[in-house]
Amino acid sequence: MTDTVLTPSPFVGAVEPITATDDEIRAALEDAELPPLLPALAYLTGDLSLLRDELRPDPLLLAMPQGGLTEEQRAEIRALAFDTLRRFRDGGSRPAPVPSDEDILRIMEFAVGGADMRDYLPLLEEELAARGEDRRAPAWRKADVAPDLDFRVLIVGAGMSGLLAAHRLQQVGIDFTVVDKDDDVGGTWLENTYPGCRVDNPNHNYSYSFAQRHDWPLHYSTQEVLLDYFRRCADAFDVRPHIRFGTEVVSATWDDDEGLWHVLVRRKDGTEETVTAHAVISAVGQLNRPSYPDIEGRDSFAGPSFHSARWDHAVDLAGKRVAVIGTGASAVQFIPEIAPKVGELLVFQRTPPWMGPTEDYHAEVAPGLRWLYTHVPSYSEWNRFWIFWRMGDGVLDGVRVDEEYEPKGEAVSMMNAFARMMLVGYLQEQFADRPDLLEKVVPTYPVGAKRMLRDNGVWAGALKRDNVQLLTTPITRITSKGIVTEDGVEHEVDVFVYGTGFHASKFLTPMQITGQGGIDLHEHWNGDARAYLGVSVPGFPNLFCLYGPNTNIVINGSIVYFSECGVRYIVGLLKLLFEGHHRGLSVRKDVHDEFNEAVDAENKRMAWGWSDVNSWYKNEKGRVAQNWPFTLLEYWRRTLEPDPDDFDFV
Ligand SMILES: Cc1cc2nc3c(=O)[nH]c(=O)nc-3n(C[C@H](O)[C@H](O)[C@H](O)COP(=O)(O)OP(=O)(O)OC[C@H]3O[C@@H](n4cnc5c(N)ncnc54)[C@H](O)[C@@H]3O)c2cc1C
């Protein structure tokens, strides 16, 4: 285990002692998220007899509400928890000493329904960040390793990843500057202001491991709440003084002789400047450049039109006839919000999304649950772990192709077919009174071939409205008045909204990046971006990417996790540089190529790589350039510490 640096989360207040009455505790338990409750109580009290076999969640039902626990199991867990909390209160709310690793392992194995978790222990101890510890903080200082070395890092982007990189560099004591084209921090959560914008991975998981909040107002926070979170992180990390807003990186050129990047930046007023840095960290995101569909006549539409990521709040949609192109993640969030306001809504769908039933998608965290998070030490962290597992490695097998399984068109394994059956059942229930819509909303591709979206009934509610039409006839062109579909019908509209996603595969565009020997990064990639662990590209010394190629996930885990692992790896690379007195490093080509072959092979064995459904996970060459196909554990393991043998040094 690495050295632990204790820096308390800016958000976690001390967990308060329990003074509630028996009745108040019982009432709070009615709101509890039950699967992580007994694990938290066992961890808190050291009483492992709470982990009764008959109360273990079923690993096959992890994705269900309350982990698929039956009513009897739920009642028994509440009763056990009540007794335990009452004793804890009466004993002065004093937690037992932190359990031994063996005991934590037993608790974890219970929490996940029995899987062997030994390999996960150190990773999950970090993710639990028990009692506010920052277990991923660097355990070294530049002042100790290379005190006299002049070394500056330029971080491009002040979103979730850039802030994180800045925080870690500050902890190590490395000079850095952050530039962002926007006027504030937040990236995704600053730019996407469309109605209904929210995260689809619960916040207890979608947050920094070392800056957890116990008091999230919602399970799935809205854009405003997330923006506030990242702003508060920027303040708490004290990185704002290092950020230059309204400053876009246009190009970066590596100079082998000097061991420097020359970076051309452009300010909003058009003025340009060249800055130098010994290393560049790209934290420009994958979903930062809106993509518009390539439809004939797109510019000829006479009315207002905008992309969901550039929502034009000046356009009043009330009473208007509005066309939405796309039914992806953003559209599914904003359509239910605008449907009741517009006059008529025409939704143009190419491929229907899978919808994961999520009762609490829009719900506030119930008062009892919030009380438990703030009064039961480690419950909030165990809930984070529970989400981590049930929306990550715990369900990965359900989207893996089983070679023995036939037929494969709509499902890739028995487990995948089971998931399909459950999700189709949900849609059948939702659209029972509208068979005409049902046939349009049931996907024909396997579960996991595209990102699963979340729903609590509002999607069907919106599509079934009298003023909403779901159109699946392909679009042929856009005219000054509206949209013409393949059947020759012209649909006249007042406003166009593009819910058509981002140039996700065009990593690091439109920056022009020139590496060793004058190689242009985009020419080198030729539309097929690849990097080692998403971080390093051969021939581009000291260029490090966060949320780079193949670091995305389909089954709803959190990108924050990937960026935390990526930043640790980059900080480790800087240490390698300093210790070896090198000026630069980039991954060896053979190591990079072998890694990418393994990624490609594994992606083909996953629903998203196997299926030929259109998705933003595939680039123009048809290769899955977005997704990490292995377990989350595997990314953690591989990024824990760089191996010097994997790199060429300058
Ligand atoms: C609507 C929406 C919902 C999402 N929901 C989830 C979710 O539920 N769970 C999840 O894990 N992920 C989700 N994501 C993915 C999300 O992008 C990541 O979780 C995360 O925000 C990425 O952070 P980032 O800092 O890497 O990139 P971003 O947040 O995209 O930030 C990139 C920053 O770089 C800046 N930048 C870009 N190019 C330049 C340049 N050339 N010069 C200077 N600055 C530049 C941008 O202005 C921006 O501030 C969602 C994305 C969107 C769009």
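Residues numbered from 1 in each chain as written. Predicted model: local features only at pLDDT ≥ 70, side-chain atom pairs only at ≥ 80, totals over all residues. Heavy atoms only, no water.

A word on the sheet that holds strand β15 (residues 482–485)
Which entries qualify depends on this criterion: Pairing between strands is defined by DSSP: at least two bridges between the two strands are required. Helix and strand assignments come from DSSP, with helices taken as H or I runs of at least 4 residues and strands as E runs of at least 2, each series counted from the N terminus. For helices, the axis comes from a line fit to the C-alpha atoms of the stretch in contact; other axes are also lines fit to C-alpha atoms, and the angle between any two N-to-C directions lies between 0 and 180 degrees.
Within the open sheet, the three strands sit side by side as β14-β15-β16. Their pairing is antiparallel. Edge strands, defined here as strands with exactly one partner in the open sheet, are β14 (475–478) and β16 (490–492). Within the sheet, the average angular offset between the axes of one strand and its neighbour, ignoring direction, is 25°.

Observations concerning the site of the ligand
What counts here: What makes a residue near a molecule or strand is one non-hydrogen atom of that residue sitting within 4 Å of it. Distance and chemistry together define a polar contact, namely a pair of N or O atoms within 3.5 Å, with one atom able to donate a hydrogen and the other to accept it when in protein, and with adjacent residues in sequence counting only for side-chain atoms on both sides. Note on areas: these come from Shrake-Rupley sampling with a 1.4 Å probe, and a residue is covered only by the protein chains present in the view. Ten residues, namely Ala, Val, Leu, Ile, Met, Phe, Trp, Tyr, Cys and Pro, are considered nonpolar, four, namely Asp, Glu, Lys and Arg, are considered charged, and the remaining ones, Gly among them, are considered polar.
Neighbouring residues of the ligand: 36 residues in total, closest S161, D180, T188, D200 and Y206. In the environment of the ligand, an oxygen atom lies 3.1 Å from a nitrogen or oxygen atom belonging to the side chain of D182. Computed on the free molecule, the ligand has an accessible area of 970 Å², of which 96% lies beneath the protein chains in the complex. Where the shell around the ligand is concerned, the elements lending two or more residues are α7 (160–172), α8 (188–191) and β4 (247–255). Partitioned by chemical class, the residues of the shell around the ligand number 15 nonpolar, 13 polar and eight charged.

Quick look at the state of the cysteines
Stated precisely, the cut-off is as follows: When two cysteine sulfur atoms are found within 2.5 Å, that pair is recorded as a disulfide.
Considering all chains together, one arrives at zero disulfides under this definition. We note that C233 lacks a disulfide partner, and the nearest cysteine sulfur, in C565, lies 17 Å from it. In this structure C565 is not part of a disulfide, and its nearest cysteine sulfur, from C545, lies 16 Å away.

Structural notes on the confidence of the model for the protein chain
Stated formally: For every residue, the predictor reports its confidence as pLDDT, a number between 0 and 100. Whether two residues are in contact is decided by their heavy atoms, any of which lying within 4.5 Å being enough.
With 98% of its residues at a pLDDT of at least 70, the protein chain reaches an overall mean of 94. Here residues 1–7 is a poorly scored stretch, pLDDT under 50, and it has 14 contacts once near neighbours within four places are set aside; other chains count.

Points about α7
Given 3.6 residues to a turn, an α-helix orients residues that are three or four positions apart in the same direction. Just so we agree on the cut-off: Expected helix span is computed as 1.5 Å times (number of residues minus one). Relative accessibility thresholds used throughout: buried, under 20% of the residue-type maximum; exposed, over 50%; partly exposed, between the two (1.4 Å probe, protein chains only).
Under the 1.5 Å per step criterion, the end-to-end length of α7 is 19 Å for 13 residues, consistent within 8% with the ideal 18 Å. Along α7, twelve of the 13 residues are buried, which leaves the element largely enclosed by surrounding structure. Of the positions making up α7, those classed as buried are M160, S161, G162, L163, L164, A165, A166, H167, R168, L169, Q171 and V172. Remark: G173 follows α7 within two positions and exhibits a positive phi of approximately 90°.

A look at the nonpolar core
Convention followed: Grouping buried Ala, Val, Leu, Ile, Met, Phe, Trp, Tyr and Cys residues that are joined through side-chain atoms within 4.5 Å yields what is termed a nonpolar core.
Core analysis: the largest hydrophobic core is formed by 163 residues, its most contacted members being V153, I155, Y208, L345, F385 and L574. Examining the composition of this core, we find that 14 residues originate from one element, helix α17 (residues 559–580), more than from any other. In contact with V153, other than residues within four places in its own chain, are L169, I174, D175, F176, T177, A277, A279, I281 and L574. Residues A252, W525, A529 and L543 belong to the second largest nonpolar core, which totals 25 residues.

Structural notes on the packing of aromatic side chains
Defined as follows: Under the pairing criterion, centres of Phe, Tyr and Trp rings, with the six-membered ring standing for Trp, must be within 6.5 Å; the plane angle then separates stacked pairs below 30 degrees from edge-to-face pairs above 60, leaving the rest tilted. Either the NZ atom of lysine or the CZ atom of arginine qualifies as a charge over a ring when it sits within 6 Å of the ring centre and within 35 degrees of the ring normal.
For the structure shown, the criterion picks out 33 aromatic pairs. Centroid distance F496 to Y498: 5.6 Å. Interplanar angle 10°. Geometry classified as stacked. A ring pair is formed by W616 and Y617, whose centres lie 4.6 Å apart and whose planes are at 45°; its orientation type is tilted. Aromatic rings pair up to connect W189, Y206, Y208, F210, W216, Y229, F230 and F237 into one cluster. The side chain of R26 reaches across the aromatic face of F82, ending 4.2 Å from its centre. Positioned above the aromatic ring of Y498, the side-chain terminus of R298 is 5.8 Å from the ring centre.

Considering the pairing of strand β2 (residues 175–179)
Counted only if it meets this: Handedness of a crossover: with both strands directed away from the viewer, a clockwise path from the first strand across the helix to the second marks it as right-handed.
Alignment of strand β1 (residues 152–156) against β2, held across five bridges, turns out to be parallel. From the neighbouring strand, R152 faces β2, where its bridge partner is D175. Between the parallel elements β1 and β2, the chain passes through α7 in a crossover that is right-handed. Relative to strand β3 (residues 243–244), β2 runs parallel, the two sharing two bridges. Across the sheet, residue V178 finds its bridge partner in β3, namely I243.

What to know about the environment of Q516
As for its placement among the helices and strands, Q516 is situated in the loop between β18 (512–514) and α16 (521–525). Spatially, the C-alpha atoms of Q516 and E224 are 42 Å apart, while their sequence positions differ by 292 residues. Here Q516 is in contact with W254, D256, G539, P541 and V650, once residues within four sequence places are set aside. Polar contacts involving the side chain of Q516 include one to the side chain of D256, which spans 3.2 Å.

Things to note about the sheet that holds β1
Two orientations exist for strands paired in a sheet by backbone hydrogen bonds: parallel and antiparallel. The sheet built from five strands is open, its strands ordered β3-β2-β1-β7-β19 with parallel pairing. In this open sheet, the two strands that pair with only one neighbour each are β3 and β19 (543–545). Sheet topology note: the β1/strand β7 (residues 279–282) ladder contains four bridges and is parallel. Across the sheet, V153 pairs through a bridge with A279, a residue of β7. Here α7 sits on the sheet in contact with β1, β2, β3 and β7, set at roughly 160° to β1. Contacting β1, β7 and β19, α17 runs over the sheet at an angle of about 160° to β19.

Observations concerning the packing of α7 against helix α9 (residues 223–237)
How we decide: Oblique is the label for every angle not falling under 35 degrees (roughly parallel), over 145 degrees (roughly antiparallel), or within 65 to 115 degrees (roughly perpendicular). Helix crossings get a hand from a simple test, with the near helix turned counterclockwise from the far one by less than a right angle marking a left-handed crossing and a clockwise turn marking a right-handed one.
Close contact between α7 and α9 brings their axes to 10 Å; oriented N to C, the two are set at 15°. As the angle between them shows, α7 and α9 are arranged roughly parallel. For α7 against α9, the interelement crossing comes out left-handed. Between α7 and α9, the contacting residues are M160, L163, H167 and Q170 on the first element and F230, A234 and F237 on the second. Of the residues belonging to the contact of α7 with α9, the class tally is five nonpolar, two polar and no charged.

As for the pattern of salt bridges
Oppositely charged side chains can pair when the atoms bearing their charge come close. So the rule is basically this: In what follows, salt bridge is the name for a side-chain nitrogen of Lys or Arg lying within 4 Å of a carboxyl oxygen of Asp or Glu.
Counted according to the given criterion, the structure contains 48 salt bridges. Among the ionic pairs, R26 bridges to D23, the shortest N-O distance being 3.1 Å. With R26 and D23 both in helix α1 (residues 22–30) and three residues apart, this pair spans about one turn of that helix. Here D23 falls in the exposed class, since its relative accessible area comes to 55%. One salt bridge connects R118 with E102, and the closest N-O pair in it is separated by 3.0 Å. Taken together, the residues R118 in the loop between α4 (101–111) and α5 (121–128) and E102 in helix α4 connect sequence positions 16 residues apart. E102 gets classed as partly exposed once you look at its relative accessible area, which sits at 46%.

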